[in-house]
Amino acid sequence: MRQKLFQRFVRRMKAMMLNTLPGMISCREFDQFVVDYLDGRLPDHQQHLFERHLRVCPDRRRFLDRYRATLALEQDAFNGGENGLVRCRKP
Ligand SMILES: [Zn+2]
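Structural notes, computed from the coordinates. The structure displayed is predicted, hence computed values, not measured ones.

Describing the overall build of the chain
And then number 1: Per the secondary structure count, the chain includes four helices and zero strands.
And then number 2: Walking the chain from its N terminus toward its C terminus, one meets helices and strands in the order α-α-α-α.
And then number 3: Taken over 91 residues, the chain has a buried fraction of 7%.
And then number 4: In the chain, 33% of the contacts between residues at least 6 apart in sequence involve partners at least 24 apart.

This is the structure in structure tokens:
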């Protein structure tokens, strides 16, 4: 119970920090530009803000890892399932 209260407190402090400190972006802003980030289409300044957010936000690090894994699976399926995860059966 105490642990949960502490975790909630930490989460709230983190959100406050990300939303109010200059030079930080919120998780929501992160989500809006994640595709551009992965495509390398962000200007240097924004890319720097993204990477700063990643350093302090385990939630978005996890999110980005999963997002990249999903993209890799999609790419693999598109290429015919080279690593054996996705294969088409011949009729
Ligand atoms: Zn975040």
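Remarks on the packing of helix α2 (residues 27-38) against helix α3 (residues 44-56)
And then number 1: Relative orientation of the contacting elements α2 and α3 amounts to 120°, with a least axis distance of 11 Å. For the pair α2 and α3, the crossing hand works out as left-handed. Contacts between α2 and α3 involve Phe 30, Phe 33 and Tyr 37 from the first element and Gln 46, Gln 47, Phe 50 and His 53 from the second.
And then number 2: Its residues placed into classes, the contact of α2 with α3 shows four nonpolar, three polar and no charged.

Criteria and cut-off values
Residues numbered from 1 in each chain as written. Predicted model: local features only at pLDDT ≥ 70, side-chain atom pairs only at ≥ 80, totals over all residues. Helix = DSSP H or I, 4+ residues; strand = E, 2+ residues; numbered from the N terminus. Buried ≥ 20, exposed ≤ 12 C-beta atoms within 10 Å, placed from the backbone. Contact = placed C-beta atoms within 7 Å. Axes fitted to C-alpha atoms, helices over the stretch in contact; angles between N-to-C directions. Left-handed = near helix turned anticlockwise from the far one by under 90°. Nonpolar A, V, L, I, M, F, W, Y, C, P; charged D, E, K, R; others polar.

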